[in-house]
Amino acid sequence: MAAALMLFAAVASAHVTVTPAESTTGAWETYTLKVPSEKDIATVQVDLRIPEGAAFKQYEAVPGWNVTIDGNKVSWTATGEGIQAGQFQRFYFTAQNPDTAGDIAWDAYQHYADGSLVQWSGEEGSESPHSITGIVEAAAGSDSHSHGSMDMDMGNGGSMSMDEHNAIMADVDKSNGTSPLLYITLGISLLSFLLAAISLLRGKKE
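What you see is a predicted model, and the numbers here were worked out from it, not measured in a lab.

Participant: What am I meant to see in the overall build of the chain here?
Facilitator: Regarding its fold elements, the chain presents four helices and 12 strands. Long-range pairs, those at least 24 residues apart, make up 70% of the contacts in the chain with a sequence separation of at least 6. Working note: accessible area of the chain is about 12600 Å², and carbon and sulfur atoms make up 57% of it.

What follows is the structure in structure tokens.
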């Protein structure tokens, strides 16, 4: 029984997966596509279908891989040896979630160097299931930028559009900038100190 459970766990962990398993409506979520090579040959290409209602926004460049986007199909193609047997590769991308709550399915297609294809597009419980992300209603007033998978896998924040990044940095600069009033106050204080010092020196001479 223990051996059977270990075998089941190994098979389950070898699936192509997209995480996180839950996000919020309308959020710009940073997702992680994890691709293991289950065969004794390399994985050389992975195609991912972006679910209906979601919008692909950005991806993180990975050395040794080219990325092409064709409608709702995003493909990572190896320029080198690809993902060898016993290895896995993570690909990070940002997508905007649908505005309505519900489950979205990530269909993935794994191409091996020998020309074989594994379609990760089956229902839960099948031999090659697709990943599911549950989209829940965002709380009122919550931030629409979520960075779940990048936070878990990389320990840092996720990516977003350049316009949004610039807007956020502008807000940070405003919040961190020194108020002109502070400079005026410091100037007045310094002038007062100088006048007091001059008066003191004159008093000593007299």
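Now that the structure has been shown, the text picks up again.
Participant: In this structure, what is going on with the nonpolar core? I would like to understand it.
Facilitator: Within soluble globular proteins, side chains that are nonpolar tend to cluster in buried spots. Counting residues in hydrophobic clusters, the biggest one holds 27 residues, and the most contacted among them are Tyr 31, Leu 33, Leu 48, Ile 50, Trp 76, Phe 93 and Trp 106. For this core, the secondary-structure elements that each account for two or more residues are β3 (28–36), β4 (43–49), β6 (65–70), β7 (73–78), β8 (88–96), β9 (102–112) and β10 (117–120).

Participant: What is the right way to read a nonpolar patch on the surface from this model?
Facilitator: Nonpolar side chains collect at one region of the surface, where Leu 190, Phe 193 and Leu 194 lie side by side and expose about 330 Å² of accessible area between them. Within the element layout of this structure, Leu 194 appears in helix α4 (residues 180–205). Judged by relative accessible area, which is 44%, Leu 194 ranks as partly exposed.

Participant: Explain unusual backbone geometry here, please?
Facilitator: Negative phi is the rule for most residues except glycine; trans is the rule for most peptide bonds. A cis geometry characterises the amide bond from Thr 19 onward to Pro 20, with omega recorded as 10°. Here Pro 20 lies in the loop between β1 (17–19) and β2 (22–24).

Participant: Before we go on, may I ask you to explain the environment of Tyr 31 in this structure?
Facilitator: Within the fold, Tyr 31 resides in strand β3. Among the residues examined, Tyr 31 registers a relative accessible area of 0% and is labelled buried. Placed 28 residues apart in sequence, Tyr 31 and Tyr 59 show a C-alpha to C-alpha distance of 9.4 Å. At a separation of 2.6 Å, a polar atom in the side chain of Tyr 31 contacts the side chain of Asn 97.

Participant: Looking at this model, I keep getting lost on the environment of Ala 78. Mind explaining?
Facilitator: Relative to the assigned elements, Ala 78 resides in strand β7. Taking the C-alpha atoms as reference points, Ala 78 and Val 62, 16 residues apart in sequence, are found 9.7 Å from one another. Ignoring sequence-local partners within four residues, the contact set of Ala 78 consists of Val 44, Gly 64 and Trp 65.

Participant: Help me understand the pairing of strand β11 (residues 131–136) in this model?
Facilitator: Side-chain direction in a regular strand flips from residue to residue, so the side chains alternate between the two faces of the sheet. For β2 and β11, the ladder comprises three bridges, and the chain directions are parallel. In the sheet register, Glu 22 faces β11, and the bridge partner there is Gly 134. Relative to β11, β9 runs antiparallel, the two sharing five bridges. Bridged to Ala 105 within β11 is Ile 132.

Participant: What exactly am I supposed to notice about the packing of aromatic side chains here?
Facilitator: Any aromatic ring pair is given by two values, namely how distant the centres are and how the planes are angled relative to each other. Following the criterion strictly, the structure yields seven aromatic pairs and no others. Taken together, a centroid distance of 6.2 Å and an interplanar angle of 50° make the contact between Trp 76 and Phe 93 tilted. You can see Trp 76 sitting in strand β7 and its partner Phe 93 sitting in strand β8, a full 17 residues away along the chain. There is no split in this pair, since Trp 76 and Phe 93 are both buried. By way of ring pairs, the aromatic residues Tyr 31, Phe 56, Trp 65, Trp 76, Phe 91, Phe 93 and Trp 106 are connected into one cluster. Above the plane of the ring of Phe 88 lies Lys 34, whose end atom (NZ or CZ) is 4.4 Å from the centre. Above the ring of Tyr 112, the side-chain terminus of Lys 39 is found at 4.7 Å from the ring centroid.

Participant: Is there a simple way to think about the side chain of His 15 in this case?
Facilitator: One can find His 15 in the loop between α1 (2–13) and β1. Apart from the residues within four sequence positions on either side, His 15 is in contact with Lys 34, Pro 36, Glu 38, Trp 120, Glu 127 and Pro 129.

Cut-off values and rules
Residues numbered from 1 in each chain as written. Predicted model: local features only at pLDDT ≥ 70, side-chain atom pairs only at ≥ 80, totals over all residues. Heavy atoms only, no water. Helix = DSSP H or I, 4+ residues; strand = E, 2+ residues; numbered from the N terminus. Contact = heavy atoms within 4.5 Å. Areas by Shrake-Rupley, 256 points an atom, 1.4 Å probe, with all protein chains shown as cover. Core = buried A, V, L, I, M, F, W, Y, C linked by side-chain atoms within 4.5 Å. Buried < 20%, exposed > 50% of the residue type's maximum accessible area, 1.4 Å probe, protein only. Patch = residues over 30% accessible without salt bridge, like charges linked within 9 Å, V, L, I, M, F, W, Y side chains within 5 Å. Salt bridge = Lys/Arg side-chain N within 4 Å of Asp/Glu carboxyl O. Polar contact = N/O pair within 3.5 Å; in protein donor to acceptor, adjacent residues only side chain to side chain. Pairing = 2+ DSSP bridges. Phe/Tyr/Trp six-rings, centres within 6.5 Å; stacked < 30°, edge-to-face > 60°. Lys NZ or Arg CZ within 6 Å of the ring centre and 35° of its normal.

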